[in-house]
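# Examining the three-dimensional arrangement
Okay, here's what each chain looks like letter by letter:
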Amino acid sequence: MSVTHPQGFRGAGVVAGLKSSGSPDLALVVNDGPRHDSATLFTANRCKANPVLWSEQAVKDGVVRAVVLNSGGANCYTGPEGFATTHAVAERVADRLGIGAIDVVVCSTGLIGLVSSREALLGGVDAAAAALSTDGGEDAARAIMTTDTVTKQVIVDGGGWSIGGMAKGAGMLAPQLATMLVVLTTDAVVSSDVLDTALRSATRRTFDRLDSDGCMSTNDTVSLLASGASGITPSPADFTEALTQACSDLAMQLLADAEGADHEITITVVGAATEDEAVEVGRSVARSNLFKAAVFGKDPNWGRVLASVGTTKAQFDPADLDVAMNGVWVCRGSAPHEPADKVDLSPREVSVTIDLKAGTERATVWTNDLTHAYVHENSAYSS
């Protein structure tokens, strides 16, 4: 499974020397064409890293020919020199590939406020450019890992054309886009405006509903590149469906690797007046530390679910709510129903269903439990 699976793409992952561990820390993905259509989405955090500030300008014309990504430092709040470093990295990629710097998306991940060595980054670009290969997707996926324990990759076959992708992310998973870097590639013939519409639709139902710990990153970037190398033009509907499948697969891989998690929790809200209200309710429960701690303790404390529902502006009757946990309807009509001890929370996968009885809309939000391991990892993860 590789971001370089679709025709027209090469990738590489190398050691630039940014990580003290000596692990790979710089990746490069190149679109060799013949087309270079693209769409890219960024974090909604107003405090944005230098690579995001650069890339927001680079993607405006819908043309991206390369994405360069480094782990080992976010290059966020590193002063004017930090932005100059981002610019220098884009220029070096452009020089090595014979393209314009404005067609290079730059991504970084790691600690905020950490000044990374510009010399190391530029040397990494040189090494990555020299190592580019149609088989380089695996190395690229490995080079963008931070607290990730495994690479995240996906391939979706569209029938003569395909979508490939890689992602990183294990903590600070919250909208917009969860906290992650994602590169998606396709050899389908798709214009930039269709790519943008499809990407927004796909992320709205996948990455944007992944809410691991309620913390939004400064560096989130999801970039979609289309080479057109297959010569096949799928319908917008077919392409959007395949892209959504790819994004969903990557989102679930991110959730499964969430820092210190013992449980992956699927929260489905039904009977909502609007889809947005269903999302609001699901997200409220997903961000309840009380609820997440209860799941960690294998305690089906559905009262904490109702308490979270009550903090939203969604339409519902507080005296008539239903809640199920792992298929057991522990609450009916806002009162105890089946015994809570029938709920088995020992499996890793946990489902919560909330019926608002206010309409016909529904939505699903994904989260995980709050564990000792999460607290330990994020207290130890520092400069």
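Just so it is clear, the model here is predicted, and its values are computed rather than measured. (Residues numbered from 1 in each chain as written. Predicted model: local features only at pLDDT ≥ 70, side-chain atom pairs only at ≥ 80, totals over all residues. Heavy atoms only, no water.)

## Re the environment of threonine 360
Note the threshold: Secondary structure follows DSSP: runs of H or I at least 4 residues long count as helices, runs of E at least 2 residues long count as strands, and numbering of each begins at the N terminus. Per-residue accessibility, obtained with a 1.4 Å probe over protein chains only, is compared with the maximum for each type, and a residue is labelled buried under 20%, exposed over 50%, and partly exposed between these values.
By secondary structure assignment, the location of threonine 360 is in the loop between strand S14 (349-355) and strand S15 (361-368). Of the residues examined, threonine 360 reaches a relative accessible area of 73% and is grouped as exposed. Each C-alpha atom, one on threonine 360 and one on asparagine 50, is 43 Å from the other, the two residues being 310 residues apart in sequence.

## Remarks on the sheet that holds strand S9 (residues 221-226)
To be explicit about the condition: Paired strands, in this sense, are two strands between which DSSP finds at least two bridges. Axis geometry follows a simple rule: fit a line to the C-alpha atoms, using only the stretch in contact for helices, then measure angles between N-to-C directions, giving values from 0 to 180 degrees. The contact definition used throughout considers only heavy atoms, calling two residues in contact when any of these lie within 4.5 Å.
Taken together, five strands build an open sheet; the order of strands is S3-S9-S8-S7-S6 and the sheet is mixed. Two strands close off the open sheet at either side, each with one partner strand: strand S3 (37-42) and strand S6 (152-157). Here the average twist between neighbouring strands, direction ignored, is 10 degrees. Bridge count for S6 against strand S7 (residues 162-168) is six bridges, and the pairing is antiparallel. Paired with aspartate 157 across the two strands is serine 162, which belongs to S7. With respect to the sheet, helix H5 (residues 192-205) is in contact with S3, strand S8 (181-186) and S9, its orientation differing from that of S3 by roughly 35 degrees.

## Describing the confidence of the model for the chain
Defined as follows: Every residue gets a pLDDT, meaning the predictor's confidence in that residue, from 0 to 100.
Chain-level pLDDT for the chain is 93 on average; 94% of the residues reach the 70-or-more range. Throughout residues 172-178 the model reports pLDDT below 50, and contacts reaching past four residues in sequence, or to other chains, amount to 47 contacts.

## Structural notes on the pairing of S7
When you tally the buried positions in S7, you get seven out of seven residues, the bulk of the element. Of the two faces of S7, the one holding Ser162, Gly164, Met166 and Lys168 and the one holding Ile163, Gly165 and Ala167 are both buried throughout. Linkage of S6 to S7, two consecutive antiparallel strands, is achieved through a turn of four residues, within which glycine 159 is found at a positive phi near 90 degrees. Relative to S8, S7 runs antiparallel, the two sharing six bridges. The partner of alanine 167 across the bridge, within S8, is valine 182.

## Let's talk about the sheet that holds strand S11 (residues 322-325)
Reading across the sheet, the six strands line up as S13-S12-S11-S14-S10-S15 and stay open at both edges, with mixed pairing between neighbours. Bordering the open sheet on either side are strand S13 (335-336) and S15, each of which pairs with just one other strand. Against the sheet, helix H8 (residues 289-296) touches strand S10 (264-272), S11, S14 and S15, its axis set at about 130 degrees to S10. Across the sheet, helix H9 (residues 302-309) lies against S11, strand S12 (328-332), S13 and S14, angled at about 135 degrees from S11, the strand it touches most.

## Concerning the pattern of salt bridges
Our working rule: A side-chain nitrogen of Lys or Arg and a carboxyl oxygen of Asp or Glu constitute a salt bridge if their distance falls within 4 Å.
A full pass over the atoms with the stated rule returns 21 salt bridges. The closest approach of N and O atoms between aspartate 211 and arginine 287, which form a salt bridge, is 2.8 Å. Taken as a pair, aspartate 211 in the loop between H5 and S9 and arginine 287 in the loop between helix H7 (275-286) and H8 lie far apart in primary sequence, 76 residues in all. A residue is classified by how much of its surface remains accessible, and aspartate 211, at 0% relative accessible area, is buried. When its relative accessible area of 39% is taken as the criterion, arginine 287 is described as partly exposed. Of the charged contacts in the structure, one is a salt bridge between glutamate 264 and arginine 348, with a shortest N-O distance of 2.6 Å. Of this pair, glutamate 264 sits in strand S10 while arginine 348 sits in the loop between S13 and S14, placing them 84 residues apart in sequence. Residues participating in the shared-partner salt-bridge network are Arg92, Asp95, Arg96 and Asp126.

## A closer look at the packing of helix H2 (residues 79-97) against helix H3 (residues 118-131)
The criterion, for reference: Roughly parallel means an angle under 35 degrees; roughly antiparallel means over 145; roughly perpendicular covers 65 to 115; every other angle is labelled oblique. Should the near helix be turned anticlockwise from the far one by less than a right angle, the crossing is termed left-handed; should it be turned clockwise, right-handed. Side-chain classes are defined by residue name, with Ala, Val, Leu, Ile, Met, Phe, Trp, Tyr, Cys and Pro counting as nonpolar, Asp, Glu, Lys and Arg as charged, and the others, Gly among them, as polar.
The contact between H2 and H3 brings their axes to 10 Å, and the two run at 20 degrees. The orientation of H2 relative to H3 falls into the category roughly parallel. Relative to H3, the crossing made by H2 is right-handed. In this structure, H2 uses Glu81, Ala84, Thr85, Ala88, Val89, Arg92, Val93 and Arg96 to contact H3, whose residues at the interface are Arg118, Leu121, Leu122, Val125, Asp126 and Ala129. Looking at side-chain class alone, the contact of H2 with H3 contains eight nonpolar, one polar and five charged residues.

## Considerations on the packing of aromatic side chains
What counts is decided by this rule: Centre distance within 6.5 Å is the pairing criterion for rings of Phe, Tyr and Trp, where only the six-membered ring of Trp is used; planes under 30 degrees apart are then read as stacked, over 60 as edge-to-face, and the remainder as tilted. As a reminder, the over-ring test applies to NZ of lysine and CZ of arginine, requiring each to be within 6 Å of the ring centre and within 35 degrees of the ring normal.
Using the criterion set out here, one finds two aromatic pairs in the structure. Relative to phenylalanine 83, the ring of tryptophan 54 lies with its centre 6.4 Å away and its plane at 55 degrees, an arrangement referred to as tilted. Linking tryptophan 54 in helix H1 (residues 50-58) with phenylalanine 83 in helix H2, this pair joins segments that are 29 residues apart in sequence. Judged by centre distance (5.8 Å) and plane angle (35 degrees), the ring pair of tryptophan 161 and phenylalanine 239 falls under tilted. With tryptophan 161 in the loop between S6 and S7 and phenylalanine 239 in helix H6 (residues 236-256), the pair connects residues that are 78 residues apart, well separated along the chain. Over the face of the ring belonging to tryptophan 329 we find arginine 332, whose NZ or CZ atom lies 4.2 Å from the ring centre.

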